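What the coordinates show
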Amino acid sequence: MIKSIIWIVVIVALAYWVMGLMGYEINKQYFTYSKDQCQAKLASCTDNIVHQGIDNAKCNFNCVDPKLIIKKK
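Read on for an overview of the structure. This one's a predicted model, so the numbers in the text were calculated from it and none came from an experiment.

1. Here's the deal with helix α1 (residues 2-21)
When the terminal C-alpha atoms of α1 are compared, their 29 Å separation across 20 residues agrees well with the 28 Å that a helix rising 1.5 Å per residue should span. Following α1 by one or two positions, Gly23 adopts a phi angle in the positive range, close to 95 degrees.

This is the structure:
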């Protein structure tokens, strides 16, 4: 088990390093922004369910866009 965890850590570190060489970086601030956006969507959906009932409510829970997590430097 420990051996598997070490391999996963090494692979993730290697992938992060290769991304840096290719000119990409992880957008760390995206998760903070996405959290605020998701909470706003959840509040809107909650209001929608309260007013229209469970059967007629239409909610979009797609909060995270994977294309925006990794960005070009």
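2. What to know about the side chain of Asn27
Inspection of the secondary structure assignment puts Asn27 in the loop between β1 (24-26) and α2 (30-52). We classify Asn27 as buried; its relative accessible area is 15%. Sequence-distant contacts of Asn27, defined by excluding residues within four places in its chain, comprise Leu68, Ile69 and Lys71.

3. Notes on the packing of aromatic side chains
A full pass over the atoms with the stated rule returns 0 aromatic pairs. Residue placement shows Lys72 over the ring face of Tyr24; its charged tip is 4.6 Å from the ring centre.

4. Details of α2
Look at α2: 32 Å from first C-alpha to last across 23 residues, which is about the 33 Å you get at 1.5 Å a residue. Where α2 is concerned, the buried positions are Tyr30, Ser34, Cys38, Cys45 and Asn48.

5. As for the environment of Val50
Note on placement: Val50 falls in helix α2. You can call Val50 exposed: its relative accessible area is 62%. Residues Val50 and Tyr16, spaced 34 residues apart in sequence, show a C-alpha to C-alpha distance of 44 Å.

How each quantity is defined
Residues numbered from 1 in each chain as written. Predicted model: local features only at pLDDT ≥ 70, side-chain atom pairs only at ≥ 80, totals over all residues. Heavy atoms only, no water. Helix = DSSP H or I, 4+ residues; strand = E, 2+ residues; numbered from the N terminus. Expected span 1.5 Å × (residues − 1). Buried < 20%, exposed > 50% of the residue type's maximum accessible area, 1.4 Å probe, protein only. Contact = heavy atoms within 4.5 Å. Phe/Tyr/Trp six-rings, centres within 6.5 Å; stacked < 30°, edge-to-face > 60°. Lys NZ or Arg CZ within 6 Å of the ring centre and 35° of its normal.

Everything listed is a geometric property; what it means functionally is a separate question.
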